[in-house]
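Chain residues, written in single-letter form:
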Amino acid sequence: MLFYTHNPSKFAFSQDRTDFEKLTISKSKPGAKNNQKPVFALLGVPFDGTTTYLPGARFGPAGVREASYNFERYNLTWNRVIDSLFFDLGNVEVIHGNFKKTCIQLQDTISELLSGDVTPLLIGGEHSLSYAMARALKLHNIFNEVTVVHFDAHMDMIDSYMGEKYSHATVMRRISELNPRRIIQLGVRSASYEEKEFADDKGIEYYTAATINDDINQIKELLSSINGPIYLTIDMDVFDPSEAPSVGNPTPCGIKSHQMEKFMLILSKKNVVALDVVETASDKIGDLTSVNAAKIILDFICLQE
């Protein structure tokens, strides 16, 4: 065995997949007790079949995994060491150019994790993939109690974009049709008037990046007040392009990484039943977007009790 090596195709500090298989087998045995610690499983989804501006989100899972090795297991900010039951299960097989088939395969994979009491974490890939996560939660009869916390530069609430009902630009409209308990959109700064009207009519809460930059305490109080299960979906274009330039639709005047760090401190202590980090579109080593995406996942894992 080689002790001083690492595998950049596997997220840093994640445990061996064989240990995950042993864990799930032991939990499935009659009379087995559920593990006291929560279990988290990471899936990469290298799909960008509906991207309409800058392509490359299919390279996101590889880029974010590689960037994760830029961090330490010990987090100085939180004075904590990563010791969660955290597994990287690899990439879900996608059918490039076919969202519907990809969505079905992803939904089935997530459903299997949820059935085993495992929290799914996704690296995208484009934002349309979040619909599969929401569908899986819906099939497990918990989505109507879920608050969707959505970080994004865009509302993604248009009913149809370029003739497509299912795309990165319509994903939150489709998710809203699954009737979650609540949708909170944070960091938005781009929307059509139709989207704004729809959000206002349906009581969907949205807070612009300008609001966050002017009064972050308002948003911290909002997140702290959420009760019940949370589905957390983060489009990397929520960040200002100075901190996340490699995204499908970069939009000026976004939020900053130090603000997201504060939000993750709050959200990681909530009942987050699913998390995705999407729209990283870079194949370059050391890309700042990949580094910030990896940090979000590592902060979340590190802060688990």
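To be clear, the structure that these remarks concern was listed above.
Only a predicted model underlies this, so the values are computations on that prediction, with no experimental measurement involved.

Draft legend 1. How the structure looks around unusual backbone geometry. Cis geometry is adopted by the peptide bond preceding Gly125, which originates at Gly124 and carries an omega value of 20°. In the Ramachandran plot, Asn79 falls in the positive-phi region, its phi being about 55° despite a non-glycine side chain. One non-glycine residue with positive phi stands out, namely Asp156, at about 55°. Along the chain, Asp156 falls in the loop between β6 (147–151) and α5 (171–176).

Draft legend 2. Seen up close, the environment of Ala191. Positionally, Ala191 belongs in the loop between β7 (182–188) and α6 (193–202). Residues Ala191 and Thr233, spaced 42 residues apart in sequence, show a C-alpha to C-alpha distance of 18 Å.

Draft legend 3. Looking closely at the nonpolar core. Counting residues in each nonpolar core, the largest one holds 48 residues, and the members touching the most others are Phe11, Phe151, Leu186, Leu223, Leu232, Met260 and Ile297. Sorting elements by how many residues they give to this core places helix α10 (residues 288–302) first, with 9 residues. Once residues lying within four places of it in the same chain are set aside, the contact partners of Phe11 are Leu42, Val64, Arg65, Ser68, Tyr69, Phe86, Asp88, Ile123, Ala294, Ile297 and Leu298. With 44 residues, the next largest nonpolar core counts Leu23, Ala41, Ala132 and Val148 among its residues.

Draft legend 4. Seen up close, the packing of aromatic side chains. Taken as a whole and assessed by the stated rule, the structure comprises 6 aromatic pairs. Between Phe40 and Phe300, the aromatic rings sit 5.8 Å apart at their centres with planes inclined by 85°, giving edge-to-face as the arrangement. A residue pair is termed long-range when its members are at least 10 positions apart, and Phe40 in strand β1 (residues 39–45) and Phe300 in helix α10 qualify at 260 residues. There is no split in this pair, since Phe40 and Phe300 are both buried. Above the face of the Phe198 ring, Arg173 is positioned so that its terminal group lies 3.8 Å from the ring centre.

Draft legend 5. A look at helix α2 (residues 60–67). Taking burial as the measure, the 8 residues of α2 include 6 buried ones, the bulk of the element. Residues of α2 that are buried include every one of Gly60, Pro61, Gly63, Val64, Arg65 and Ala67, and no others. Where α2 is buried, its residues meet β1, β4 (85–91), β5 (118–124) and α10.

Draft legend 6. The arrangement of the packing of helix α8 (residues 216–224) against helix α9 (residues 257–267) in detail. In the contact formed by α8 and α9, the axes pass within 9 Å of each other and the chain directions differ by 20°. In terms of orientation, α8 and α9 fall into the roughly parallel class. The crossing of α8 and α9 is right-handed. Seen from α8, the contacting residues are Ile216, Ile219, Lys220, Leu223 and Ser224; seen from α9, they are Gln259, Lys262, Phe263, Ile266 and Leu267. Split into classes, the residues belonging to the contact of α8 with α9 amount to 6 nonpolar, 2 polar and 2 charged.

Draft legend 7. Quick peek at the environment of Asn91. One can find Asn91 in strand β4. Counting along the chain gives 82 residues from Asn91 to Ser9, while the straight-line C-alpha distance between them is 9.8 Å. Here Asn91 is in contact with Gly44, Val45, Pro46, Pro61 and Arg65, once residues within four sequence places are set aside. Within polar-contact distance, the side chain of Asn91 engages the side chain of Arg65 at 2.8 Å.

Draft legend 8. Local environment of the packing of α2 against α10. Between α2 and α10, the least distance of the axes is 8 Å, while the angle of their chain directions is 70°. Taken as axis vectors, α2 and α10 run roughly perpendicular relative to one another. Seen from α2, the contacting residues are Gly63, Val64 and Ala67; seen from α10, they are Ser290, Val291, Ala293, Ala294 and Ile297. The residue inventory of the contact of α2 with α10, partitioned by class, reads 6 nonpolar, 2 polar and no charged.

Draft legend 9. Broad picture of the pattern of salt bridges. Scanning all chains against the criterion turns up 11 salt bridges. Between Asp159 and Arg173 there is a salt bridge, with its nearest N and O atoms 4.0 Å apart. With a gap of 14 residues between them, Asp159 in the loop between β6 and α5 and Arg173 in helix α5 connect regions that are remote in the sequence. Owing to a relative accessible area of 23%, Asp159 belongs among the partly exposed residues under this scheme. With a closest N to O distance of 2.6 Å, Arg174 and Asp159 form a salt bridge. Taken together, the residues span a long stretch of sequence, with Arg174 in helix α5 and Asp159 in the loop between β6 and α5 at a distance of 15 residues. Among the charged side chains, a network of salt bridges with common partners joins Asp159, Lys165, Arg173, Arg174, Glu177 and Glu194.

Rules used in this analysis
- Every residue gets a number counted from 1 within its own chain, in the order that chain's sequence is written.
- With pLDDT at 70 or above as the cut-off, local features in this predicted model cover only qualifying residues; side-chain atom pairs require 80 or more to be listed or tallied, and sums for whole chains, interfaces and linings still use all residues.
- To get the side-chain values, all heavy atoms of the structure are used, and hydrogens and water are removed first.
- Helix and strand assignments come from DSSP, with helices taken as H or I runs of at least 4 residues and strands as E runs of at least 2, each series counted from the N terminus.
- Grouping buried Ala, Val, Leu, Ile, Met, Phe, Trp, Tyr and Cys residues that are joined through side-chain atoms within 4.5 Å yields what is termed a nonpolar core.
- Only protein chains enter the area calculation, which uses a 1.4 Å probe; residues under 20% of their type maximum are buried, those over 50% are exposed, and those in between are partly exposed.
- Here, residues are in contact when the closest pair of their heavy atoms is within 4.5 Å.
- Only centres within 6.5 Å qualify two rings of Phe, Tyr or Trp (six-membered ring in Trp) as a pair; their planes then separate them into stacked at under 30 degrees, edge-to-face at over 60, and tilted for everything else.
- Ring-over charges, as used throughout, are those where CZ of Arg or NZ of Lys falls within 6 Å of the ring centre and within 35 degrees of the ring normal.
- Every axis corresponds to a line fitted to the C-alpha atoms, with the helix fit spanning only the stretch in contact, and the corresponding angles, defined between N-to-C directions, vary from 0 to 180 degrees.
- Convention used here: angles under 35 degrees read as roughly parallel, angles over 145 as roughly antiparallel, angles from 65 to 115 as roughly perpendicular, and any remaining angle as oblique.
- Less than a right angle of anticlockwise turn of the near helix away from the far helix marks a crossing as left-handed, whereas a clockwise turn marks it as right-handed.
- Three classes are used, and their members are as follows: Ala, Val, Leu, Ile, Met, Phe, Trp, Tyr, Cys and Pro are nonpolar, Asp, Glu, Lys and Arg are charged, and the others, Gly among them, are polar.
- Polar contacts, as counted here, are pairs of nitrogen or oxygen atoms within 3.5 Å of one another; within protein the pair requires one atom able to donate a hydrogen and one able to accept it, and residues that are adjacent in sequence qualify only if both atoms are side-chain atoms.
- In what follows, salt bridge is the name for a side-chain nitrogen of Lys or Arg lying within 4 Å of a carboxyl oxygen of Asp or Glu.

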